[in-house]
Amino acid sequence: METGEDTIKSTVERMSQAGNQAFKDSVEKTLSALNEVNTLSKGNVEAVVESLTAATKGAETVGAQALAYSKKNWEEAVTAAKTLSTAKSVQEVIELQSTYAKSAMEAYVAEVNQLTQTLSASFKDTFKPINTRVTAAVEKFQSYR
């Protein structure tokens, strides 16, 4: 038969074991959460690097496109000026200038459309990794509910 002292001793041991187990469980949960946060953070950094790489590539493409258009536009303007200098009458100058202005406007509109497409594709590529990470984070947080 247990004495009062044995009962107290037994109760203290059970409480101590329960406390130790609760502490151990808490530490394991905390370490698991920290590992998860670390993994998410690493993925976020990778997504930012990927986004910056895509943005840089897009900027390079836009720059090259703008440079090519400027060069082509300059060459066409020089050619138009040479052609205008050979005109025999005011009427011919007006016709040549009108033709050049029309073609220059059409080329400009085409370039703006192409630039818009390039920028749109670049923005999609730039934000895709970040959107993927945000979606993953939202799904992760929703799984905790």
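What counts, and where the lines are drawn
Residues numbered from 1 in each chain as written. Predicted model: local features only at pLDDT ≥ 70, side-chain atom pairs only at ≥ 80, totals over all residues. Heavy atoms only, no water. Helix = DSSP H or I, 4+ residues; strand = E, 2+ residues; numbered from the N terminus. Contact = heavy atoms within 4.5 Å. Salt bridge = Lys/Arg side-chain N within 4 Å of Asp/Glu carboxyl O. Buried < 20%, exposed > 50% of the residue type's maximum accessible area, 1.4 Å probe, protein only. Lys, Arg positive; Asp, Glu negative; His and termini not counted. Expected span 1.5 Å × (residues − 1). Patch = residues over 30% accessible without salt bridge, like charges linked within 9 Å, V, L, I, M, F, W, Y side chains within 5 Å. Areas by Shrake-Rupley, 256 points an atom, 1.4 Å probe, with all protein chains shown as cover.

*Asks:* Give me the lowdown on the side chain of Thr-126, citing residues and values where you can.
*Replies:* Looking at the element boundaries, Thr-126 is found in helix α2 (residues 90-143). The contact partners of Thr-126, leaving out residues within four places of it in the chain, are Ser-51, Ala-54 and Ala-55.

*Asks:* So what about the pattern of salt bridges? Which residues, and what values?
*Replies:* Taken as a whole and assessed by the stated rule, the structure comprises 1 salt bridge. Of the charged contacts in the structure, one is a salt bridge between Lys-72 and Glu-76, with a shortest N-O distance of 3.9 Å. Of this pair, Lys-72 and Glu-76 both sit in helix α1 (residues 4-85), 4 residues apart, which is roughly one turn of the helix. Classification of Lys-72 by relative accessible area gives partly exposed; the value is 46%.

*Asks:* Please set out the environment of Asn-38 residue by residue, giving values where relevant.
*Replies:* Relative to the helices and strands, Asn-38 is located in helix α1. We classify Asn-38 as exposed; its relative accessible area is 52%.

*Asks:* Just give me the short version of the side chain of Glu-111, but keep the residues and values in it.
*Replies:* You can see Glu-111 is positioned in helix α2. Despite being buried, Glu-111 has no salt bridge partner; Lys-72 is the closest side chain of opposite charge, sitting 6.9 Å away. For Glu-111, the residues in contact, after removing those within four places along its chain, are Gln-65 and Tyr-69.

*Asks:* Can you lay out α2 for me, pointing to particular residues and giving the numbers?
*Replies:* Helix length check: α2, at 54 residues, gives a terminal C-alpha distance of 77 Å against a target of 80 Å (1.5 Å per residue), a fit within 8%. Looking only at α2, the buried set comprises Ala-104, Ala-107, Glu-111, Thr-118, Ser-122, Thr-126 and Pro-129. Taken together, the buried residues of α2 touch α1.

*Asks:* Before we move on, can you summarise α1 with the specific residues and values?
*Replies:* In this model α1 runs 119 Å from its N-terminal to its C-terminal C-alpha over 82 residues, within 8% of the 122 Å that 1.5 Å per residue would give. Looking only at α1, the buried set comprises Gly-43, Ala-47, Ser-51, Ala-54, Gly-58, Val-62, Gln-65, Tyr-69 and Ala-80. Of the surrounding secondary structure, the elements contacted by the buried residues of α1 are α2.

*Asks:* Summarise the environment of Ala-47; cite the residues concerned and give the values.
*Replies:* Following the sequence through the fold, Ala-47 ends up in helix α1. Put simply, Ala-47 and Ala-77 are 30 residues apart on the chain and 44 Å apart in space, counted from C-alpha to C-alpha.

*Asks:* Can you lay out a nonpolar patch on the surface for me, pointing to particular residues and giving the numbers?
*Replies:* Together, Val-48, Leu-52, Leu-119, Phe-123, Phe-127, Ile-130, Val-134 and Val-138 give the surface a local cluster of nonpolar side chains, amounting to about 680 Å² of exposed area. When residues of the nonpolar patch are traced back to their parent elements, those giving at least two are α1 and α2. Ranked by residue count, the leading element in the nonpolar patch is α2, at 6 residues. As for its position among the elements, Leu-119 is in helix α2. Leu-119 gets classed as partly exposed once you look at its relative accessible area, which sits at 32%.

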